[in-house]
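# Examining the three-dimensional arrangement
Each chain is listed here by its residues.
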Amino acid sequence: MLILIVGCGRVGSSVARAMLREGHEVSCLDEDPESHARLEVGLEKSWEDLGGQFTVGAGLETEALVAAGIERADAFIASTDGDNTNIVIAQIAQKRYEVPTVIARVLDPLRAEWYQRQGLNTVCPTSVAINMLETAVREGGESSGPPDDSAEAA
Amino acid sequence: MYIIVVGAGKVGWNLARELLEKNHEVTLIENNRRRYLTVEQELEHNVSYGDASELWVLERAGIQRADMVIAVTGDDEDNMLICQVAREKYLVERIIARVNNPRNRQHFDLLGVKPSVSATDLILRLLEHEVPEYGLVHLLDLQEEQLEIIEMLLGSDSGVTGRRVGDLQMPEGSLLISVLRSGKGFVPTADTVLEEGDEILAVLDPGKEDDLKILFGPKGNGSNGA
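Quick notes on the rules
Residues numbered from 1 in each chain as written. Chains lettered and ligands numbered in written order. Predicted model: local features only at pLDDT ≥ 70, side-chain atom pairs only at ≥ 80, totals over all residues. Helix = DSSP H or I, 4+ residues; strand = E, 2+ residues; numbered from the N terminus. Buried ≥ 20, exposed ≤ 12 C-beta atoms within 10 Å, placed from the backbone. Contact = placed C-beta atoms within 7 Å. Domains from an automatic or database assignment. Pairing = 2+ DSSP bridges. Right-handed = clockwise from strand over helix to strand, strands pointing away. Axes fitted to C-alpha atoms, helices over the stretch in contact; angles between N-to-C directions.

Check the secondary structure of chain A and you find seven helices and six strands. Counting only C-alpha atoms and orienting by the principal axes, one finds that chain A spans roughly 50 × 40 × 25 Å. Residue burial in chain A is summarised as follows: out of 154 residues, 35% are buried. Excluding contacts between residues fewer than 6 apart, the proportion of contacts in chain A whose partners are at least 24 apart in sequence is 49%.

Encoded structure:
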């Protein structure tokens, strides 16, 4: 399975490493050549040696998307730092290239919800954070720490 | 009409001013605080501060009752999505989007954001018109209707000068509709003989430009290779 990730920030690079570790083919596209270094954080070998692909370019550039392999991608993740960019390129992946699984990271809950209803799979970290904070406050701060397994390690 | 204009740059500001002078009701939305304060000195309550890609900002501006939304920010993604949301969520009947980078026009089309206007494309069209060597000039593109009208100047090396219109093998999906000669236009008949310096107007299906260039352009043989 080829997974194309556009926007290689903290979220994109972490997902990329996890997917590569699970044995998938992973291709990353980012405007900033420096973001390649973020991909290799914690890796024992270079990203390419581990089978990863990295392309420098913008998600709106057709040539860059094609070079990054969008035409044969099975999954597409839009995780740049711009909501509007993510929503536009996710729709391009969905409508023009008919990528089977398309997910867009959208920080604005209202737009995330509306586009979700239009048939675009959106993930809204803001909503997740809001829910966690509300839950934490209601439970009196007892479970405000990280999830269970990391608590054990501490 | 109630018109929402997004982006108070040079284009948006002037547009809002013109529309107000034509007695339209206008809200201009700008998300840069400093720019907003500058424009607000002139346009006062007709300017609103906020990021129009956020739904509540559009709703506060009264998008539910807007007759038209015009997105002219310097950011193509913003313009695309503001118009997409205006049409699909708020059912605004008319939208106009500005294309900053002409290479993004395909994305506007894909998202159904039409019409879109690109200053670069417009200047290129004018350039084509002012510089006849450029060959074929697009006079009108009706994308929805799948038709375009083009103009071409017949140079001294055109293969069709001195020939009868009736003898031309016009490519399928194209029709010669008018000839401009010495500043006057007329509808040609089969017996019209084309001359050097004539400008021909043709209506055609999209994608037929190249066939027409071959027929009417330099070294064209007027019979499509026969």
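For the rest of this paragraph, the subject is unusual backbone geometry. Backbone torsion omega between K114 of chain B and P115 of chain B reads -5 degrees, so that peptide bond is classified as cis. Inspection of the secondary structure assignment puts P115 of chain B in the loop between helix 5 (105–110) and strand 6 (116–118). We note that E98 of chain A has phi near 50 degrees; this positive angle belongs to a residue other than glycine. Not every positive phi belongs to a glycine, and N23 of chain B is a case in point at roughly 65 degrees. Mapped onto the elements of the fold, N23 of chain B is located in the loop between helix 1 (10–21) and strand 2 (25–30).

What follows deals with the domain arrangement of chain B. Domains assigned within chain B are domain 1 (2–117) and domain 2 (131–216). Taken over C-alpha atoms, the centre of domain 1 of chain B sits 39 Å from the centre of domain 2 of chain B.

It is worth spelling out the interface of chain A and chain B at this point. How big an interface is tends to be stated in terms of accessible area lost as the parts join. Taken together, the 14 residues of chain A in the interface contact 13 residues of chain B. Taken together, the elements giving at least two residues each to the side of chain A that touches chain B come down to helix 4 (83–95) and helix 5 (109–117) of chain A. At seven residues, helix 4 of chain A tops the list of elements feeding residues into the side of chain A that touches chain B.

Domain boundaries in chain A define domain 1 (2–123) and domain 2 (125–154). Of note, the centres of domain 1 of chain A and domain 2 of chain A, computed from C-alpha atoms alone, are 27 Å apart.

This part covers the pairing of strand 5 (residues 94–99) of chain B. Residues and elements named next belong to chain B. Pairing analysis gives four bridges linking strand 4 (residues 68–71) to strand 5, with the strands arranged parallel. The partner of A71 across the bridge, within strand 5, is A97. Each parallel crossover has a hand, and for strand 4 linked through helix 4 (residues 76–88) to strand 5 it is right-handed. Sheet topology note: the strand 5/strand 6 ladder contains three bridges and is parallel. Bridge assignment links A97 to a residue of strand 6, and that residue is S116. Each parallel crossover has a hand, and for strand 5 linked through helix 5 to strand 6 it is right-handed.

What follows covers the sheet that holds strand 8 (residues 147–153) of chain B. Sheet strands line up and pair through hydrogen bonds in the backbone, either parallel or antiparallel. All names here are of chain B. Strands sit in the order 7-8-11-9-10 across an open sheet of five strands; the sheet is antiparallel. Whereas interior strands pair on both sides, the edge strands pair on one side only; in this sheet they are strand 7 (136–142) and strand 10 (184–186). Between one strand axis and the next, the sheet turns by 20 degrees as a mean value, whatever way the strands run. Relative to strand 8, strand 7 runs antiparallel, the two sharing six bridges. For V137, the partnering residue across the bridge sits in strand 8 and is E151. The sheet contacts of helix 7 (residues 209–216) involve strand 7, strand 8, strand 9 (174–181) and strand 11 (199–204), and relative to strand 8 the element is tilted by about 25 degrees.

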